Protein chains: 2
Amino acid sequence: MISPGLIIEGDDKSVAEKAQSILEISSSLFFENDYNSVGIRAIAHAAGVRGASIYHYFSSKEEILFLIVKEVTSDFIDSSPLVYDEESDFRKVLRMLVSKHIFYFWEHRIALAIGYREMHNLTLEHKKIVQGYRLEYQHSVQRFVSDGVVAGAFQCKDPNLTGVALLDLINGVNDWFRPNGRLSIEQIADQYCDLSQQMLGAQNANDK
Amino acid sequence: MISPGLIIEGDDKSVAEKAQSILEISSSLFFENDYNSVGIRAIAHAAGVRGASIYHYFSSKEEILFLIVKEVTSDFIDSSPLVYDEESDFRKVLRMLVSKHIFYFWEHRIALAIGYREMHNLTLEHKKIVQGYRLEYQHSVQRFVSDGVVAGAFQCKDPNLTGVALLDLINGVNDWFRPNGRLSIEQIADQYCDLSQQMLGAQNANDK
DNA sequence: GTCTATAGGGGGATAGAC
DNA sequence: GTCTATCCCCCTATAGAC
C-alpha cells in the first residue's frame, strides 16, 4: 500500500526548497535595506506570492531573520573546526585560520552583515543562541593563541586580548573589500596572514 | 535702538540647545533600537513634546540621523589631526594615533555605532558626505604608514593595505569592550599600541 | 498552499489654531 | 514654539474561503 507519506514527501521537499528560497530572497532585501524597512509584503512580492503565504513557511518575520543569522553562524563553526595538537606548526594553523575566516566571511557576507547589524531585532532567546555560537568561536581562537604561546610559536603579553585583536583584524575586511579593487580576496587573505603572524610575534618563522 | 535681533539671540540659543538635546535623545533611541523602528512620536515623547514640534527644529527624521552621524565623524577628523614630519618618531606617532582613535571611538560609541549601522538610511547625498570624511581619515592613515616605511620606521609589503588593516584592528574594540571587564579602555589601548607596532614591523623600537 | 480581506496598530509629515 | 487633528500610507499577523 502506498502511504500518503511517500506522496507527501515530494511536497515536503519542495516546501523546504521554497522556504530556503524565501530565506535567500529575504537576505538580499534585508541586506540592501533594513530588517525594519522591509515588509512582509515586499518579501512576498519578491517571492511571487502574497503576504499571507509567507506565514505558511515561517511563524513570524523575526523567525526569518533568526534562521538567516543562525544558519550562517553555526555553519561557520561547523565548517571551520580548529584542530591542532602540540606537534602542529602553529604558524601554518594560524594561516589556515585567518584564510578560512576571510574566505568564509566574504562568501557569506550578506547573511553575516545582517547578523551583526540586525542583532537587536532578534528575540532575547534567539540573540542568546547566536551570541553563544560567536563566543564559542572566539574562545577557540583565544585558546589557540594561548596554546601557541605555550608552544613557543607566538609571543603575546595577553593571549586572550590578542585573540580578540586577531578577530578584530580579520573581521574588518568585509567592510571595505570590493571585488573589482586592486587586490583579490586571495591576495588580501595572504597579506592578512602575514600581518597576523607579525602581530602574534611569529614573524620569524622560516616556513610560511 | 535695541534691535529685535538682540532679543531673538537669547531665543536662538535655547533653540540650538533644544535641537542639540533632541539629537542626543534621538541618538540613544536609535542606538538601542533601529532608526526605522524609532518613530518621530517616540523621539518627541522622550523630549517632552508632541511629534509635530520636532519639525520646528529639523526638516525630517533623516536630517536628525544625518546630523548625528555627520557631527561625530567630522569632529573626529578635526580633533585628531595627524601631524608629523620626517624628523618625527613614527613609533610614538603611531601610538598616539591608535590611542586617540580608541579613546574617541569609545567615548562616542553611540553616535559612531549608529553611523556605521544606519548608513543606508541616509540620502545618497548625505551618505557621500559621511563617506568622504571617512575616506579622508583612511587616506591620512595610509599616508602615515607609507611615510613610516620610507623613513625606515615600519616594514610593510603593502602600506596601503596595512593602513586599512590597522584601522580594522582598532575599529573592532567597540564591538566587544565592556567597561566592567578585566581590562580598562586605557589598558586595551596600550596593548593595541603594542600590537599595532608589531603588525607594522616596528616591534624593535627601543622606546615606546 | 495560496488567496482575499481585514484587524489593529503604527509610520512621516503637514495645516493651521493658539 | 507648541499644539491638535489629520492625510495617506505601511506594518505584522490572522481568519477563513478555495
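Residues numbered from 1 in each chain as written. Chains lettered and ligands numbered in written order. Predicted model: local features only at pLDDT ≥ 70, side-chain atom pairs only at ≥ 80, totals over all residues. Heavy atoms only, no water.

Novice: How should the protein's contact with DNA strand D be read in this particular structure?
Specialist: Around DNA strand D sit 18 residues, and of these Arg41 and Lys61 of chain A together with Val15, Arg50 and Tyr57 of chain B come closest. Considering the 4 Å shell around the protein, atoms of DNA strand D inside it are sugar or phosphate in 58% of instances. Interatomic distance of 2.9 Å between a side-chain N/O atom of Tyr55 of chain A and a phosphate oxygen of DNA strand D. Among the elements that line the surface near DNA strand D, the one with the most residues is helix H3 (residues 51–57) of chain B, at four residues. Counted by class, the surface near DNA strand D contains eight nonpolar, four polar and six charged residues. (Near = heavy atom within 4 Å. Polar contact = N/O pair within 3.5 Å; in protein donor to acceptor, adjacent residues only side chain to side chain. Helix = DSSP H or I, 4+ residues; strand = E, 2+ residues; numbered from the N terminus. Nonpolar A, V, L, I, M, F, W, Y, C, P; charged D, E, K, R; others polar.)

Novice: Can you help me understand the interface of chain A and chain B in this one?
Specialist: It is common to report an interface's size as the accessible area lost on association of the parts. Contact residues are listed per partner, giving 34 residues for chain A and 34 residues for chain B. Roughly 2700 Å² of surface becomes buried between chain A and chain B when both sides are summed, with 51% attributable to carbon and sulfur atoms. Among the residues chain A hides against chain B, the three largest losses belong to Leu161, Asp168 and Met199 of chain A. Together they make up 21% of the total. Put simply, chain A and chain B have four salt bridges between them. The salt bridge partner of Asp194 of chain A is Lys157 of chain B, with a shortest N-O separation of 2.7 Å. Linking chain A with chain B are 19 residue pairs in polar contact (both at pLDDT 80 or more). Among the secondary structure elements, those contributing two or more residues to the side of chain A that touches chain B are helix H8 (159–171), helix H9 (173–176) and helix H10 (185–199) of chain A. By residue class, the composition of the side of chain A that touches chain B is 12 nonpolar, 13 polar and nine charged. (Contact = heavy atoms within 4.5 Å. Buried area = accessible area lost by both parts, 1.4 Å probe. Salt bridge = Lys/Arg side-chain N within 4 Å of Asp/Glu carboxyl O.)

Novice: What should I look at first to understand the relation of the copies chain A and chain B in this one?
Specialist: Between the two copies of the chain lies a rotation about an axis combined with a shift along it. Superposing chain A onto chain B takes a rotation of 180° plus a shift of 0.0 Å along the axis, which leaves an RMSD of 0.0 Å. Those values place the two copies in the arrangement expected of a two-fold rotation axis. Mapped onto chain B, 100% of the interface residues of chain A are again interface residues, and the two copies thus contact each other with one and the same surface. (Least-squares fit on C-alpha atoms with pLDDT ≥ 70 in both.)

Novice: Can you walk me through the protein's contact with DNA strand C in this structure?
Specialist: In the vicinity of DNA strand C there are 18 residues, among which Val15, Arg50 and Tyr57 of chain A together with Ile40 and Lys61 of chain B approach most closely. The sugar-phosphate share of atoms of DNA strand C within 4 Å of the protein amounts to 62%. For DNA strand C, a phosphate oxygen lies 2.8 Å from a polar atom in the side chain of Ser53 of chain A. A distance of 2.5 Å separates a phosphate oxygen of DNA strand C from a polar atom in the backbone of Ile40 of chain B.

Novice: For this particular structure, what's the right way to read the packing of helix H8 (residues 159–171) of chain B against helix H10 (residues 185–199) of chain B?
Specialist: Helices that pack against each other are described as a pair by the angle of their axes relative to one another and the distance between those axes. Residues and elements named next belong to chain B. Direction vectors running N to C along H8 and H10 enclose 160°, while the axes themselves pass 11 Å from each other. Looking at the two axes, H8 sits roughly antiparallel to H10. With respect to the hand of their crossing, H8 and H10 are arranged in right-handed fashion. Here H8 contributes Thr162, Ala165, Leu166, Leu169 and Ile170 to the contact with H10, which in turn contributes Tyr192, Ser196 and Met199. Across the contact of H8 with H10, the residue classes break down as six nonpolar, two polar and no charged. (Axes fitted to C-alpha atoms, helices over the stretch in contact; angles between N-to-C directions. Parallel < 35°, antiparallel > 145°, perpendicular 65-115°, else oblique. Left-handed = near helix turned anticlockwise from the far one by under 90°.)

Novice: I would appreciate a short explanation of the packing of helix H7 (residues 124–150) of chain B against H8 of chain B in the present structure.
Specialist: Residues and elements named next belong to chain B. With their axes 8 Å apart at the nearest point, H7 and H8 run at an angle of 125° to one another. If you check the angle between H7 and H8, you find them oblique. The two elements H7 and H8 cross, and the hand of that crossing is right-handed. Where H7 abuts H8, its residues Tyr137, Gln138, Val141, Gln142, Val145, Ser146 and Val149 lie against Pro159, Asn160, Thr162, Gly163, Val164, Leu166 and Leu167.

Novice: What is the right way to look at the packing of aromatic side chains in this model?
Specialist: What describes a pair of aromatic rings is the distance from one ring centre to the other and the angle between the planes of the rings. Residue and element names in this part refer to chain A. Considering all chains together, one arrives at 23 aromatic pairs over all chains under this definition. Taken together, a centroid distance of 4.8 Å and an interplanar angle of 40° make the contact between Phe76 and Tyr104 tilted. Here the residue Phe76 occupies a position in helix H4 (residues 61–79), and Tyr104 occupies one in helix H5 (residues 90–107), the gap between them amounting to 28 residues. The class of Tyr104 is buried, set by a relative accessible area of 10%. (Phe/Tyr/Trp six-rings, centres within 6.5 Å; stacked < 30°, edge-to-face > 60°. Buried < 20%, exposed > 50% of the residue type's maximum accessible area, 1.4 Å probe, protein only.)

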